[in-house]
Protein chains: 4
Amino acid sequence: MNKGRLEAFSDGVIAIIITIMVLEMKVPAGPENHDVGALHDLWAVFLSYALSYVYLGIYWNNHHHMLHATRQISGGVLWANLHLLFWLSLVPFVTGWMGESHFAPQPMAMYGAVMLMAAMAYWILLNSILRVEGPDSLLARAVGDDWKAKLSPLLYVVAIGAAFVKPAIAGALYLLVALIWVIPDRRIERVLADGHARAATESAKHQ
Amino acid sequence: MNKGRLEAFSDGVIAIIITIMVLEMKVPAGPENHDVGALHDLWAVFLSYALSYVYLGIYWNNHHHMLHATRQISGGVLWANLHLLFWLSLVPFVTGWMGESHFAPQPMAMYGAVMLMAAMAYWILLNSILRVEGPDSLLARAVGDDWKAKLSPLLYVVAIGAAFVKPAIAGALYLLVALIWVIPDRRIERVLADGHARAATESAKHQ
Amino acid sequence: MNKGRLEAFSDGVIAIIITIMVLEMKVPAGPENHDVGALHDLWAVFLSYALSYVYLGIYWNNHHHMLHATRQISGGVLWANLHLLFWLSLVPFVTGWMGESHFAPQPMAMYGAVMLMAAMAYWILLNSILRVEGPDSLLARAVGDDWKAKLSPLLYVVAIGAAFVKPAIAGALYLLVALIWVIPDRRIERVLADGHARAATESAKHQ
Amino acid sequence: MNKGRLEAFSDGVIAIIITIMVLEMKVPAGPENHDVGALHDLWAVFLSYALSYVYLGIYWNNHHHMLHATRQISGGVLWANLHLLFWLSLVPFVTGWMGESHFAPQPMAMYGAVMLMAAMAYWILLNSILRVEGPDSLLARAVGDDWKAKLSPLLYVVAIGAAFVKPAIAGALYLLVALIWVIPDRRIERVLADGHARAATESAKHQ
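Residues numbered from 1 in each chain as written. Chains lettered and ligands numbered in written order. Predicted model: local features only at pLDDT ≥ 70, side-chain atom pairs only at ≥ 80, totals over all residues. Heavy atoms only, no water.

## As for the environment of M120(B)
With respect to the secondary-structure elements, M120(B) resides in helix 5 (residues 105-133). For M120(B), a relative accessible area of 42% translates into the label partly exposed. (Helix = DSSP H or I, 4+ residues; strand = E, 2+ residues; numbered from the N terminus. Buried < 20%, exposed > 50% of the residue type's maximum accessible area, 1.4 Å probe, protein only.)

## Description of the interface of chain A and chain D
On the side of chain D, 29 residues touch chain A, which itself brings 36 residues to the contact. Counting across the chain A and chain D interface gives two salt bridges. When the shortest N-O distance is used, the salt bridge between E7(A) and R5(D) registers 3.8 Å. The interface formed by chain A and chain D contains five residue pairs in polar contact (both at pLDDT 80 or more). Contributing elements (two or more residues each) for the side of chain A that touches chain D: helix 1 (4-21) and helix 2 (43-68) of chain A. Among the elements that make up the side of chain A that touches chain D, the one with the highest residue count is helix 2 of chain A (14 residues). Within the side of chain A that touches chain D, the residues separate by chemical class into 21 nonpolar, 10 polar and five charged. (Contact = heavy atoms within 4.5 Å. Salt bridge = Lys/Arg side-chain N within 4 Å of Asp/Glu carboxyl O. Polar contact = N/O pair within 3.5 Å; in protein donor to acceptor, adjacent residues only side chain to side chain. Nonpolar A, V, L, I, M, F, W, Y, C, P; charged D, E, K, R; others polar.)

## Digging into the packing of helix 1 (residues 4-21) of chain B against helix 2 (residues 43-68) of chain B
Residue and element names in this part refer to chain B. Two numbers describe how helix 1 lies on helix 2: the axes approach to 10 Å, and their chain directions differ by 175 degrees. Here helix 1 lies roughly antiparallel to helix 2, going by the angle between them. Between helix 1 and helix 2, the contacting residues are L6, E7, S10, D11, I14, I17, I18 and M21 on the first element and Y49, S52, Y53, L56, W60, H63, L67 and H68 on the second. Residues that form the contact of helix 1 with helix 2 fall into these classes: 10 nonpolar, four polar and two charged. (Axes fitted to C-alpha atoms, helices over the stretch in contact; angles between N-to-C directions. Parallel < 35°, antiparallel > 145°, perpendicular 65-115°, else oblique.)

## Quick notes on the environment of A159(B)
Residues and elements named next belong to chain B. For A159, the location among the structural elements is in helix 7 (residues 147-165). Taking the C-alpha atoms as reference points, A159 and L23, separated by 136 residues in sequence, lie 26 Å from one another. Residues within four places of A159 in sequence aside, it is in contact with A170, L173 and Y174.

## Some remarks on the interface of chain C and chain B
Each side of the interface is counted separately: chain C has 36 residues, and chain B has 30 residues. Both faces combined, the contact of chain C with chain B buries some 3,100 Å², and carbon together with sulfur accounts for 73% of it. The interface formed by chain C and chain B holds two salt bridges in total. Here D11(C) makes a salt bridge to R5(B), at a shortest N to O gap of 2.7 Å. One can count five residue pairs in polar contact (both at pLDDT 80 or more) joining chain C with chain B. Elements with a minimum of two residues in the side of chain C that touches chain B: helix 1 (4-21) and helix 2 (43-68) of chain C. A total of 14 residues in the side of chain C that touches chain B trace back to one element, the largest contributor, which is helix 2 of chain C. For the side of chain C that touches chain B, the class distribution of residues is 21 nonpolar, 10 polar and five charged. (Buried area = accessible area lost by both parts, 1.4 Å probe.)

## Re a nonpolar patch on the surface
Residue and element names in this part refer to chain A. On the surface, a cluster of nonpolar side chains totalling about 310 Å² of accessible area is made up of W147, L151 and L154. Within the fold, L151 resides in helix 7 (residues 147-165). Residue L151 is classed as partly exposed on the basis of its relative accessible area, which comes to 31%. (Patch = residues over 30% accessible without salt bridge, like charges linked within 9 Å, V, L, I, M, F, W, Y side chains within 5 Å. Areas by Shrake-Rupley, 256 points an atom, 1.4 Å probe, with all protein chains shown as cover.)

## Considerations on the relation of the copies chain C and chain B
The two copies are related by a screw operation: chain C maps onto chain B through 90 degrees of rotation and 0.0 Å of translation along the axis, at an RMSD of 0.0 Å. The symmetry that links the two subunits is that of a four-fold axis. If distances are taken from each C-alpha of chain C to the rotation axis, the shortest is found for G12(C), at 4.4 Å. Taken together, the interface assignments show that only 6% of the residues at the interface of chain C recur at the interface of chain B, consistent with different surfaces on the two copies. (Least-squares fit on C-alpha atoms with pLDDT ≥ 70 in both.)

Now the structure itself:
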């Protein structure tokens, strides 16, 4: 089974999610809609959009890297991937709700819950690919001890609780997780580069 | 005629259908929109969305497998594929109606009707491909006696009738069909694997 | 310049146009929204949708065939293609207006106007490709005397006029054009097949 | 890292942005919605849509050319590309606002601001690619002194200021920038063609 169509489908879904999210930014209506003051109500929606855009960018980048290092796909991987896309598809809804409520406690907690489910779905997808690839695969070595993937769910859980006490803390934690991940995942790139280099060395030895 | 663009177009349409379906989940409006109670009205919409997401995932997976085992495409196949996508494109509408009416009889029946048409369109597509591929093709052997494809329309018809008596029965039947199909279609994978193995054996014999 | 990205982009835009068109079919609102009677107002929207779906399917199929027989792309072709997609992108708007007004004269005429512009844009695209390919190219021979492409704009013009007298005549003409085109364009396929056969014969002669 | 998925993802996002922009053209509602007079209010929305469509077409074309001349992609390039798509994703919002306010000062200025950010994001993307490709790369030579890319931001800044004095001046400037760019960027094509020709000559010399 080839991975090309899985990549194309995932790209399509993530591209659409990112783009329809902006539909939550409604054009100010009414006679005073040509006033910049009309934008005032939109700042929270804009901030929410920017945050979710970064999150979806991170997922796309990591998905890209993960599948680049993948050689085989199974039926289970297809479903694990659809499961991840399901939670990501709920991001526009929670983003819009968070923004329009001006960061009220419940929407803030709900945002964290969807992000937590997406993080767990990503972890399931990674492991279903590793089960096909085997423990000695390039990807298995590339992932190593994935401290980011272990820390993020913990921070989401803390943020969900904090949202009911002080929503700003939850917001700060979501920002923190985004920053942790925005630093591009050079591990897979590095191990891939090492793998290519080693393969070149070994093939040189045998000649 | 190459199948690549047919796959890409179908992936695009299914990706968009899946993603715009979530637009039916409207952000709670009004001053009390930061209340989790505001989500109460959304549970039926969410359940409907999750069910339809699984259905569209099944169609995507099976479409993926079917075209993987396909070598030739005709003009008739292009139209049969567009016909399938037409019925799938109505899924967001019936899903939203079913959810917003809290599973009322008529929307429940309408959901089954669209699913029945989609199932028949898939059967037409499969047969228009088989007509090009021939009875001895890999795909023809892979499909075999397709009991799932025979049972599903029957269950849809029963569900459409049951919706007017007790909508919950229709809902249970839709769930049952989804469960039957979620078990990935390993038949095509197996026959393909057998086909490759046999080809390898025969080419070995001739050397 | 390679044609792959042009095909992919066009597929994407047409896939999205087809799919967002269904968003015009709004879920019946209000307490009586679980009544099939609520669907009564939607029949015109549904009919409009089905007609436009067939039109977009025709455009996708013909676009597919045309580019399959194309070997070179220029900067002018990119813009001619974007011009075609511009008019196609207006189809959801006129479709929705036609349906929601229950086939009133002005929307019926406007539908024909957009279809006329799209047909002319397709003709411009074809000719900008032919200018690159040359008069002896496979595509030039495949197109031949394109009576469908010559008849359609004429029928659109008649329909636009007829819409103000009797909208049903315009509707019948739109249906007629769709039927003329739905018969797949086997000419390009045939000429391509002939071309391959002749090339095979000639290469056999030279051996 | 391969550039194919970057191209596909960018194509997807731009295709969706272009297509959802037309959703701002709302079907005229009410009993008089079958009147062409109902379209009167839409002319500004239509003009805004046509202008933004051309802008997005320019971005797609230039993005296409730029990546065609690119051989290597880094993690930084992925993020620079996402950054460009972020600003482009805001185009439907400012386009809708500009049109619905009938070209009021503030929306006109806001349109220029988003365009300015997109132009700067494109410049950052180009330079992050050039950093990977090196100063002697085909792309570096193809870009040369990019007077269009230097003039456009200047015109946007003037337009933003002019919008508050006389919005029509801002509109004329946006049109001017579009016209400057619509002339296809033949420089990259020419340098690529030269590069191929020179490579052919040199390989002929060495034989």
